[in-house]
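Fold and geometry: a report
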Amino acid sequence: MKILQKTFSLTDHGARGMTIASIASFFVNIGYMACMILFFFFAQDILDDGMLSSLSNYLIAIVAAVAFTYLALDWEYRATYNSTYMEARDLRISIADTLKNLPLGYLAQHDLSDLAQTMMQDVLDLEHAFSHAIPQTFGAGAFLLLMIIGIFFQNAWVALAIFVPFALAVGVCLFSKSYQKYCAKRYFDARRKNIAILQEAIDMQQEIRSYNLVDSKRKQIHEAIDQAEKLQMKQELGQGVPVLSAQSIAKLSLALTVLATAWLLIQGEMNALFVIGYLIAVTRMLGALEGISMNIGELFHIDVRLDRIKELKATRIQEGEPTTFENYDIEVKNLSFAYGERPVLEDVDFCAQQGHVTALVGPSGSGKTTMIRLLSRLYDYDQGVITLGGHPLKAIAPACLYSQISMVFQEVTLFNGTVMENIRIGRQDATDEEVIQAARKAHCEEFILKLPEGYQTMIGENGSKLSGGERQRLSIARAFLKDAPILLLDEISASLDVENEMAIQKSLNELIKNKTVIIISHRMKSIEDVDQIVVFEEGRINGVGTHQQLMESSDLYRRLVEKSRLTESYVY
Ligand code: ATP
């Protein structure tokens, strides 16, 4: 059980189920063998003294052997499939639990189609291995061992004639393990890459067509598919050659048994019946070994899938405790953060008080969005600390933290559902009336009522049937509905026209009352009146203060204000 659990990352009850299934598989093999052994004794009795005297005994024994085999098969079936599907279910749930608690930054850095494949296809392959390869390999392995030991006590020569080719066959399979794994990994990686390329080609149709990239994209897809095809052939060969070689070598056991038994027959040390008996036994054992050699290939393959699942599960998840807050002041102390090896924020210090609006400004790439990502725990900071109401963010359970934060980003994500459902994401238990109120405050109602089915209109994948400004306003409506004590706004006016922005501004002023508000805006005019401005420069703080204070103390701030004025008066 321990070996199974460790090798195949099984849960406790999965390992127990797989062990029981392996034992059941062992008894199935014994059942098949029992029928053959009965036949052997039957033949011996006929030759020795005629069969009639013991016919009824044989009939009873045959019925018992068939019943035993049937019961063992039934047991194997139930033990295997019940434990397999439960294990696959638990594995999927545990992967989902891991994904649920991974920093969102992990998802941003990984290919999502790849993760989806790990959850669906990899687990499906494991399911097949759990239900076939593992129990059959262990069951047949134990059966072969028992048979060889049994035959050894009967006749050491015959045991040797069977054992040597079998050991060589298993050796060939094991020897080729690393090459089989290498080929399998290369092929799986290529297949995943293909899916990612195809998905990208579908997602980016607009860019592909408008920049006339159809031919080059098609070429890229063809090359990727050709490459995967070659790797698949190599993988088939990498598996087929050792498996077929192992099976051929194993068949030598039949020839060697014929030679050994024939020689013993000539020497008068064995009678003809035993020769036949051993040959029947070898034939049955060969069947079991062929099954093992094929299953071993599958076990090597699932190794590659298991490695991916282990890697995912080994990723550090976000932890923390449910927390109650006395206030919603956010304090950032000596904060540093890097994306991988690349430092982005260094020694950042500032405090955003509840009831105040704090604006983050700075040149492009200076780290403002990264700061917001850290504040919302989309990523976890490396050094220093961020506290909310005095509690370090890393000590707060992510779900508890998210329930206190409303985020409105420039990039809006909408679900393929109705308008009503999309706004209700802000607060699942909101009534229709509350959703409508939120939509009104975000100035959405005007365009919603023009949609074919109003609030019940399906808005397409990621709101593809809406304009940028409409999508943005829906996400603001969500924030109104959620009414969380912390509000993070990143360039929300970028997609809004002047009329809507001014209209929303009034509602926003209502929304932000008594909340901790942090905003990013490139339009310096819009943040002149906020309580506090934090100026970022290449990941460090250049200055903190009000507009007036910074106009006097920060060159960089003055330059940003000047540039923003110029941009506003820019004409094409
Ligand atoms: P902008 O005003 O243009 O939106 P910003 O001040 O918000 O810029 P950030 O988006 O925080 O800047 O980026 C800061 C730096 O971190 C940039 O140099 C950017 O290239 C880098 N960066 C941002 N996101 C990632 C990421 N996911 N992985 C690696 N580097 C990143």
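Please read these numbers as outputs of a predicted model, since none were measured by experiment.

Glancing now at the packing of helix 6 (residues 156-175) against helix 10 (residues 272-314). When two helices pack together, their arrangement is given by the angle between their axes and by how far apart the axes lie. Contact geometry of helix 6 with helix 10 gives a least axis separation of 10 Å together with a crossing angle of 10°. Classed by the angle they form, the pair helix 6 and helix 10 counts as roughly parallel. Seen along the crossing, helix 6 lies across helix 10 with a hand that is right-handed. Where helix 6 approaches helix 10, its residues Val158, Ile162, Phe166, Ala169, Val170, Cys173 and Leu174 are matched on the opposing element by Tyr278, Val282, Met285, Leu286, Leu289, Ser293, Ile296 and Phe300. Split by residue class, the contact of helix 6 with helix 10 holds 14 nonpolar, 1 polar and no charged.

Turning to a nonpolar patch on the surface, a few remarks are in order. A contiguous nonpolar surface patch, about 650 Å² in accessible area, is contributed by Trp157, Leu160, Phe163, Val164, Leu168 and Trp263. Ranked by the residues each element gives to the nonpolar patch, the list is headed by helix 6, at 5 residues. Within the element layout of this structure, Leu160 appears in helix 6.

When cut into domains, the protein chain gives domain 1 (2-314), domain 2 (320-404 + 484-572) and domain 3 (414-483). Each of domain 1 and domain 2 has a C-alpha centre, and the two are 57 Å apart.

We now examine the nonpolar core. In terms of nonpolar packing, the biggest core is built from 46 residues, with Ile423, Ile448, Leu474, Ile527, Ile533 and Tyr557 touching the most fellow members. Both domains that meet at this core, namely domain 2 (320-404 + 484-572) and domain 3 (414-483), each give it at least three residues. Setting aside its immediate chain neighbours within four residues, Ile527 contacts Ala359, Val361, Ile519, Ser521, Ile533 and Tyr557. By size, the runner-up hydrophobic cluster in this structure holds 33 residues, among which are Tyr379, Leu393, Ile405 and Val534.

Attention shifts here to the pattern of salt bridges. For side chains bearing opposite charge, pairing can occur when the charged atoms are close. Overall, the coordinates contain 22 salt bridges when judged by the stated rule. A salt bridge links Arg78 to Asp74, with the nearest nitrogen and oxygen atoms 3.0 Å apart. One end of the pair, Arg78, and the other, Asp74, are both in helix 3 (residues 55-101), 4 residues apart, so they sit about a helical turn from each other. Judged by relative accessible area, which is 26%, Asp74 ranks as partly exposed. Between Asp122 and Arg192 there is a salt bridge, and its shortest N-O distance comes to 2.6 Å. A residue pair is termed long-range when its members are at least 10 positions apart, and Asp122 in helix 5 (residues 112-154) and Arg192 in helix 7 (residues 177-203) qualify at 70 residues. Side by side, Asp122 and Arg192 carry an identical accessibility label, which is buried.

Reading guide: rules and limits
Residues numbered from 1 in each chain as written. Predicted model: local features only at pLDDT ≥ 70, side-chain atom pairs only at ≥ 80, totals over all residues. Heavy atoms only, no water. Axes fitted to C-alpha atoms, helices over the stretch in contact; angles between N-to-C directions. Helix = DSSP H or I, 4+ residues; strand = E, 2+ residues; numbered from the N terminus. Parallel < 35°, antiparallel > 145°, perpendicular 65-115°, else oblique. Left-handed = near helix turned anticlockwise from the far one by under 90°. Contact = heavy atoms within 4.5 Å. Nonpolar A, V, L, I, M, F, W, Y, C, P; charged D, E, K, R; others polar. Patch = residues over 30% accessible without salt bridge, like charges linked within 9 Å, V, L, I, M, F, W, Y side chains within 5 Å. Areas by Shrake-Rupley, 256 points an atom, 1.4 Å probe, with all protein chains shown as cover. Salt bridge = Lys/Arg side-chain N within 4 Å of Asp/Glu carboxyl O. Domains from an automatic or database assignment. Core = buried A, V, L, I, M, F, W, Y, C linked by side-chain atoms within 4.5 Å. Buried < 20%, exposed > 50% of the residue type's maximum accessible area, 1.4 Å probe, protein only.

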